[in-house]
Amino acid sequence: MPEYIQVELPKQLDNYQLPDPSLATYWSNAIQHRTFWIDDEIDASILEITRNIIAINREDKAIDPSERKPIVLWIYSYGGDLDSTLSFLDACQLSKTPIITINAGVAMSAGLYILIAGHKRYCLPRARALIHSGSIGGMSGTYEQSEAVMADYKKSIASLQEYVLERTKIDPKLYAKKKAKEWYVDSSEQVSLGIV
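All of these numbers come straight from a predicted model, not from anything done at the bench.

Asker: Is there a simple way to explain the overall build of the protein chain in this structure?
Answerer: Looking only at helices and strands, the protein chain features seven helices and six strands. Order of helices (α) and strands (β) in the protein chain, N terminus to C terminus: α-β-α-β-α-β-α-β-β-α-α-β-α. In the protein chain, which comprises 196 residues, the proportion classed as buried is 36%. For the protein chain, contacts bridging at least 24 residues in sequence account for 69% of all contacts bridging at least 6. Carbon together with sulfur atoms contributes 55% to the accessible area of the protein chain, which is approximately 12600 Å² in total.

Structure below.
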């Protein structure tokens, strides 16, 4: 008869919980159908969708881009982290597999930038969007460090302005006038401004 030994778990595993099983279903369905939801604050977790965009493009490598099944991104987000957003925008722009973005109700700040990253873009009838200059949160350090952070942030904001103007029909003068405010855009304005 085999001997059984009792193994004691290390203390750091005492409170270990298995991941929510619905997440496995979500990712399985998302990857299979190429449909992803961005429905929370945008942070480093969006890199998981970035990885999937890269993997899908690798999988589609031998297929002509016009024949590829598109990737669909449903967006319901009030925005979030600038660095994560910039990385995600690059992945979308590099994707040869078409990306369809849909404003599912709210595409504000970073959510708007992701919305206009789509090769084809749509919005629901009551969907709202927000364009603004963003904000820097949690900045600390010496005066020189704060100056460096502000200079870098200004470069990012200027780059995003160029990105918005290239990918929409927004007039540069209108953008300059509105960007310092909280510029809310309803669905009909999103269409007329070429956001969707």
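On we go from here.
Asker: Before we go on, may I ask you to explain helix H2 (residues 47-59) in this structure?
Answerer: Because the α-helix completes a turn every 3.6 residues, residues three or four places apart line up on one side. With 13 residues, H2 should cover 18 Å at 1.5 Å per step; its first-to-last C-alpha distance of 18 Å lies within 8% of that length. Within H2, the full set of buried residues consists of Ile49, Thr50, Asn52, Ile53, Ile56 and Asn57. For H2, the buried positions fall inside an angular range of 160 degrees around the axis, keeping them on one side. Turned more than 90 degrees away from the buried face of H2, the exposed residues are Arg58 and Glu59.

Asker: Would you mind showing me how to read the pattern of salt bridges here?
Answerer: Where charged atoms of side chains with opposite charge meet at close range, the side chains can pair. With the rule as written, the count across this model stands at three salt bridges. The salt bridge involving Asp60 is made with Arg34; its shortest N-O contact spans 2.7 Å. With Asp60 in the loop between H2 and strand S2 (71-77) and Arg34 in the loop between helix H1 (21-33) and strand S1 (35-38), this pair connects stretches of sequence that are 26 residues apart. Arg34 carries the same exposure label as Asp60, and that label is buried. For Glu48, the salt bridge goes to Arg51, with nearest N and O atoms at 3.0 Å. Here Arg51 and Glu48 lie together in helix H2, a separation of three residues that amounts to about one turn. Exposure remark for Glu48: the relative accessible area of 34% places this residue in the partly exposed category. One connected set of salt bridges, linked through shared partners, spans Arg34, Glu59 and Asp60.

Asker: I tried to follow the nonpolar core on my own but got confused; where do I start?
Answerer: Most often, soluble globular proteins have nonpolar side chains that are buried together. Residues Leu73, Phe88 and Ile195 are the most contacted members of the largest nonpolar core, which totals 36 residues. Once you skip the residues sitting within four places of it in the chain, Phe88 turns out to touch Ile38, Ile46, Ile49, Thr50, Ile53, Leu73 and Ile114.

Asker: Which parts of the structure should I look at to understand the environment of Tyr78?
Answerer: Within the element layout of this structure, Tyr78 appears in the loop between S2 and helix H3 (82-94). In this structure the C-alpha to C-alpha distance between Tyr78 and Asp40, which are 38 residues apart in sequence, comes to 7.4 Å. If we skip the residues at most four places from it in the chain, Tyr78 touches Val106, Met108, Ser109 and Arg128.

Asker: Could you clarify how one ought to interpret the pairing of strand S4 (residues 120-123) in this entry?
Answerer: Summarising the sheet, strand S3 (residues 99-108) and S4 pair through four bridges and their orientation is parallel. What sits directly across from Ile100, in S4, is Lys120.

Asker: When you look at the packing of H2 against H3 in this model, what are you seeing that I'm missing?
Answerer: Packed helices, taken two at a time, are described by their axes: the angle between them and the distance between them. Between H2 and H3, whose axes approach to 10 Å, the crossing angle comes to 15 degrees. Comparing the axis directions of H2 and H3 gives the class roughly parallel. In this structure, H2 meets H3 at a crossing whose hand is left-handed. Note on element contacts: H3 touches H2 through Ser87, Phe88, Ala91 and Cys92, opposite Leu47, Ile49, Thr50 and Ile53. Partitioning the contact of H2 with H3 into residue classes produces six nonpolar, two polar and no charged.

Asker: Where do I start with a negative patch on the surface in this structure?
Answerer: The grouping of Asp39, Asp40, Glu41, Asp43, Asp81, Asp83 and Asp152 at the surface amounts to a negative patch. Here Asp152 falls in the partly exposed class, since its relative accessible area comes to 47%.

Calculation notes
- Residues numbered from 1 in each chain as written.
- Predicted model: local features only at pLDDT ≥ 70, side-chain atom pairs only at ≥ 80, totals over all residues.
- Heavy atoms only, no water.
- Helix = DSSP H or I, 4+ residues; strand = E, 2+ residues; numbered from the N terminus.
- Buried < 20%, exposed > 50% of the residue type's maximum accessible area, 1.4 Å probe, protein only.
- Contact = heavy atoms within 4.5 Å.
- Areas by Shrake-Rupley, 256 points an atom, 1.4 Å probe, with all protein chains shown as cover.
- Expected span 1.5 Å × (residues − 1).
- Arc of directions from axis to C-beta.
- Salt bridge = Lys/Arg side-chain N within 4 Å of Asp/Glu carboxyl O.
- Core = buried A, V, L, I, M, F, W, Y, C linked by side-chain atoms within 4.5 Å.
- Pairing = 2+ DSSP bridges.
- Axes fitted to C-alpha atoms, helices over the stretch in contact; angles between N-to-C directions.
- Parallel < 35°, antiparallel > 145°, perpendicular 65-115°, else oblique.
- Left-handed = near helix turned anticlockwise from the far one by under 90°.
- Nonpolar A, V, L, I, M, F, W, Y, C, P; charged D, E, K, R; others polar.
- Patch = residues over 30% accessible without salt bridge, like charges linked within 9 Å, V, L, I, M, F, W, Y side chains within 5 Å.
- Lys, Arg positive; Asp, Glu negative; His and termini not counted.
- Charge placed at Lys NZ, Arg CZ, Asp CG, Glu CD.

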